[in-house]
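Each chain, letter by letter, is given below.
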Amino acid sequence: MEFCCSTACRFHSFDYLGDPLPPTVTEFKVYKPICVTFLKIRLIGFRTPTSLMAFMIRRWKILLVLNAFAVAGFVTFWGKCNLRTSKAPGQQAPIDARGQTRLNGSAQDASITHEVLLKRLGSLEDVVYRQLNGLSKSLGLIEGFGGRGRGGVPATMTPAEEKQAKYLRAKYGYNAFLSDRISLDRSIPDYRPSKCRKVFYPRDLPQISLIFIFVNEALSVILRSVHSAVNHTPAHLLKEVILVDDSSDDEQLKGPLEEYVNKRYPGLIKIVRNQRREGLIRARIEGWKVATAEVTGFFDAHVEFTPAWAEPVLSRIKENPKRIILPSIDNIKDDTFELERYENSGHGFNWELWCMYISPPKQWWDRGDTSAPIRTPAMIGCSFVANRDYFGELGLLDSGMDVYGGENVELGIRVWMCGGSMEVLPCSRVAHIARTKKPYHSNIAFHTRRNALRVAEVWMDEYKSSVYLAWNIPMENHGIDYGDISERVALRNSLRCKDFEWYLNNIYPEMRRYNNTLFYGEIRNTNVTHLCVDQGVKENHTATLHPCHGWSPQLGRYTGDGYLFLGPLGSTGEDTHCVVDDRVSHLPQLINCEKVSSLRQKTWNFAQNESIMNRATGRCLEVVQASVYFGYTLVLRPCTGAKSRANTRQMANQLSSIKPRAGLSISLDADDTQERNAAKYARPVERSLKNQTNGGHVQLDKTRTLVHTSALMTS
Ligand SMILES: [Mn+2]
């Protein structure tokens, strides 16, 4: 078959391909001469020019396709004939920000032409595809670069649509109705620091396999993730896209998804289906198992990539395969799909192992270059890239963990302790929807707590007590089955990893340490055992009483300095507040300890089953009956001498009699908590814990209450 191989054709095709291609049918006439010979074969039998024209007008779509094939065939042939003029193997050619190759010497013209041709061919394919596209239409979806939400501006809905959107919004935790009406190819803003646009990357970077995991995700959201990945990853670097379905229920995600991606991206997509729901940790591992590229990228299936996201990542990994790279995350608002830029940040965590955004380290600020990689102690987890083999040697993710939560922190700790590193790249950006509702088990804190104990036991040495402390559970007899950790311990030994103290000192120095803790746990009065001392509403700055629930707002902690803290542990932000007797109020104050000048007002005498007495005033924390919410109130008053029991645990293994609260219902939305919390790292811990308590059906807002044991005096 000869497609347009005459000199004249070549000339015409250059002429045609040299101009930008507006996506309209009128172009047809322009390049009609290219394939006259070919067309003649089809046109035999038409007797007059008029009927020929009529036919052509009717069949323009077919002709457009035929011509596209003709041009493709020509370019392929031409390209092969001209390989000699391309660069020698191994020769590196810098590419500029637009991806055009620059070469020196005599090969330059031919290669540029080659590049331009390929680029134009790509545009032509695009035009043909869009003219003919029926694939996304049959699913009720839209392709192309324009439309609602174009450029990342908020997409709007009519009042009628608003009504219709409600159901899907509740189902998915984002506005899936609106997503269906936003193009799969929409553009989003380039939020990279401006310096990134001037960086040149080598052309011969390692290839990447992109792994998307999903469960019950809206089809249009998954497809937008895939489209934007393909649109914004250079074709020669994108080896494959792997979709891991963690046993979704939705039928649209079975046949229709498969049919679409296989037709739209033939040969590029692999689909893995878990037979039962494994959770995202094991789903990611399943994706890794079928990946074949040198580099593997793991993403939630509700993301959008921005141009040139891949090159900086791949080039950092090429330099050093032991780097785990995190593209910077921007936000896609769950209701309008508007893009929102997030500040440059690292990813940290608190002692419950919830992750959050933190400020980049001081060295990064000192350097004064906002495009520089940011060293990070851990990762949020919705987007990370690693060399495939190195990730395998490092032990992937901990497959003994359930669902998710903690695995992201564990990977950060492990990679640093075992000789690798982790960093965020401001020059690589991926936008992500923080879902307001997660598809997995609603009791996510239950899983995260279990997973966190695995991390503590395997990796944290003597600091593991801080994890138990943060979750307010005893270190033994806690009743939580965290599974078999022997393989992970063996992994740590075989990788010859450093210890956790090294990690804290060198990688996460911002993390607060709680080594000075003598006792921790709930504080309750023996005569009113259903109420616990509680931090109450934070704005009130008063310790109070509340029915015991065992979560962190009721975490009491007595230190070697004689301070009595109450509430969730801090991590890198403001520390937990401590109980203070200000001499004036009869209510115990909860204040930032560092801001209390009187040492004695914030120090207490404390022993199990004894009164808790303030050293400045000699007053005791006691419980009295009152006409308040739960019938009792916590007060400071002259000690009555009645003994009471602090239901706390001594750090040195003196365990309390408190039963594990395995049955407590908590519906914290973890992934979201982490992602949202992380949104602003000003006071990230407080945000995280606030979400947690709200999610846990712990209604602290209106009831402040609480407290503690000590001389009890009820009535
Ligand atoms: Mn996510």
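As the structure is a prediction and not an experimental result, all values here were calculated from the model.

1. Side note on the overall build of the protein
Counting its regular elements, the protein contains 22 helices and 27 strands. Once local pairs closer than 6 in sequence are excluded, the contacts in the protein between residues at least 24 apart make up 77%.

2. Thoughts on helix α13 (residues 310–319)
In an α-helix, one full turn covers 3.6 residues, which means residues spaced three or four apart are oriented alike. Burial analysis of α13 places 7 of its 10 residues in the buried class, which makes it a mostly covered element. Of all the residues in α13, the buried ones are Ala310, Glu311, Pro312, Val313, Leu314, Arg316 and Ile317.

3. As for the nonpolar core
What tends to happen in soluble globular proteins is that the nonpolar side chains get buried as a cluster. In terms of nonpolar packing, the biggest core is built from 150 residues, with Leu210, Ile211, Phe212, Ile222, Val455, Val467 and Leu564 touching the most fellow members. Of the domains in this structure, domain 2 (137–179) and domain 3 (517–659 + 679–686) are the two that each give at least three residues to this core. Contacts of leucine 564, omitting those with residues within four sequence positions, involve Gly556, Tyr558, Cys578, Val579, Trp604 and Phe606.

4. A word on the sheet that holds strand β17 (residues 528–534)
Within a sheet, adjacent strands bond to each other through the backbone by hydrogen bonds, running parallel or antiparallel. Spatial ordering of the open sheet is given by β16-β17-β18, a layout of 3 strands whose pairing is antiparallel. Of all the strands in the sheet, the pair left with one neighbour each is β16 (524–525) and β18 (544–547). The pairing of β16 with β17 spans 2 bridges and is classified as antiparallel. Bridging across to β17, arginine 524 finds its partner in cysteine 532.

5. Brief notes about the confidence of the model for the protein
Close inspection of predicted coordinates is inappropriate in any region flagged by low pLDDT. Per-residue confidence for the protein gives a mean pLDDT of 79; residues scoring 70 or more make up 73%. The low-confidence segment residues 1–49 (pLDDT under 50) makes 48 contacts with residues lying over four places distant or belonging to another chain. Ignoring residues within four places in sequence, the model shows residues 81–106, a span with pLDDT below 50, making 37 contacts including any to other chains.

6. So, the packing of helix α16 (residues 407–417) against helix α17 (residues 444–459)
Helix-helix packing is described using two parameters, namely the angle between the two axes and the distance between the axes. Two elements in contact, α16 and α17, have axes separated by 9 Å at closest approach and are oriented at 15 degrees. Judged on the interaxial angle alone, α17 and α16 are roughly parallel. Both α16 and α17 take part in a crossing whose hand is left-handed. Contacts between α16 and α17 pair Glu407, Val409, Glu410, Ile413, Arg414 and Met417 from the former with Asn451, Val455 and Trp459 from the latter.

7. Considerations on unusual backbone geometry
Unusually for a residue other than glycine, phenylalanine 337 sits at a positive phi of about 60 degrees. Here phenylalanine 337 lies in the loop between β8 (323–332) and β9 (339–340). In this structure phenylalanine 337 comes out as buried when scored by C-beta crowding, with 26 C-beta atoms within 10 Å. The phi angle at asparagine 477 is positive, at roughly 50 degrees, despite the residue not being glycine. Counting through the fold element by element, asparagine 477 comes out in the loop between α18 (464–471) and α19 (486–494).

8. As for helix α8 (residues 159–172)
In a regular helix each residue adds 1.5 Å, so 14 residues correspond to 20 Å; α8 covers 20 Å between its end C-alpha atoms and thus fits that length. At alanine 165, α8 shows its largest bend, some 40 degrees. Immediately beyond the C-terminal end of α8, within one or two residues, lies glycine 173, with a positive phi of roughly 80 degrees.

9. Some thoughts on the pairing of strand β6 (residues 295–300)
Consecutive side chains of a regular strand alternate in pointing toward one face of the sheet and then the other. The element β6 is extensively covered by neighbouring structure, given that 6 of its 6 residues are classed as buried. Residues Val295, Gly297 and Phe299 point to one face of β6 and Thr296, Phe298 and Asp300 to the other, with burial holding for every one of them. Both strand β3 (residues 208–214) and β6 contribute to a ladder of 6 bridges, which runs parallel. Considered in β6, the bridge of serine 209 is made with threonine 296. Looking at chain direction, β6 and strand β13 (residues 383–387) are connected through 5 bridges and run antiparallel. The residue of β13 that forms the bridge with threonine 296 is alanine 386.

10. Structural notes on the pairing of β8
Most of β8 is tucked away, with 9 of its 10 residues classed as buried. In the sheet, β8 pairs with strand β14 (residues 421–433) via 10 bridges, with the strands oriented parallel. From the neighbouring strand, asparagine 331 faces β14, where its bridge partner is histidine 432. Relative to β9, β8 runs antiparallel, the two sharing 2 bridges. The residue bridging asparagine 331 from the neighbouring strand is glutamate 340, located in β9. The loop that links β8 with its antiparallel partner β9 comprises 6 residues; one of these, phenylalanine 337, has a positive phi angle of about 60 degrees.

11. Comments concerning the packing of α17 against α18
One can describe the packing of α17 onto α18 by two numbers: an axis separation of 8 Å at closest approach and a directional angle of 160 degrees. The orientation of α17 relative to α18 falls into the category roughly antiparallel. Crossing of α17 over α18 shows left-handed handedness. Taking contact as the criterion, the partners of Arg449, Ala452, Leu453, Ala456 and Glu457 in α17 are, on α18, Lys464, Val467 and Trp471.

12. Let's talk about the environment of phenylalanine 145
Among the secondary structure elements, phenylalanine 145 is positioned in the loop between α7 (135–138) and α8. Looking at phenylalanine 145, the number of C-beta atoms within 10 Å reads 13, which means it is partly exposed. Through-space distance from the C-alpha of phenylalanine 145 to that of arginine 186 is 4.5 Å; in sequence the pair is 41 residues apart. For phenylalanine 145, the contacting residues outside a window of four places in its chain are Ser183, Asp185, Arg186 and Ser187.

13. Re the environment of leucine 397
Assignment of secondary structure puts leucine 397 in the loop between α15 (388–393) and α16. Residue classification places leucine 397 among the buried residues on the basis of 24 C-beta atoms within 10 Å. Put simply, leucine 397 and glutamate 410 are 13 residues apart on the chain and 8.0 Å apart in space, counted from C-alpha to C-alpha. Ignoring anything within four residues of it in the chain, the contact list for leucine 397 reads Ile281, Arg284, Ile285, Glu407 and Leu411.

14. Quick notes on the environment of serine 183
Counting through the fold element by element, serine 183 comes out in the loop between α9 (176–179) and β2 (201–202). In sequence terms serine 183 and isoleucine 142 are 41 residues apart; their C-alpha atoms lie 4.7 Å from each other. Those residues within four positions of serine 183 in sequence are excluded, and the remaining contacts are Ile142, Glu143, Gly144, Phe145, Gly146 and Gly147.

Calculation notes
Residues numbered from 1 in each chain as written. Predicted model: local features only at pLDDT ≥ 70, side-chain atom pairs only at ≥ 80, totals over all residues. Helix = DSSP H or I, 4+ residues; strand = E, 2+ residues; numbered from the N terminus. Contact = placed C-beta atoms within 7 Å. Buried ≥ 20, exposed ≤ 12 C-beta atoms within 10 Å, placed from the backbone. Core = buried A, V, L, I, M, F, W, Y, C linked by C-beta atoms within 7 Å. Domains from an automatic or database assignment. Pairing = 2+ DSSP bridges. pLDDT = per-residue confidence, 0-100. Axes fitted to C-alpha atoms, helices over the stretch in contact; angles between N-to-C directions. Parallel < 35°, antiparallel > 145°, perpendicular 65-115°, else oblique. Left-handed = near helix turned anticlockwise from the far one by under 90°. Expected span 1.5 Å × (residues − 1). Bend = angle between axes of the 7 residues up to and from the residue.

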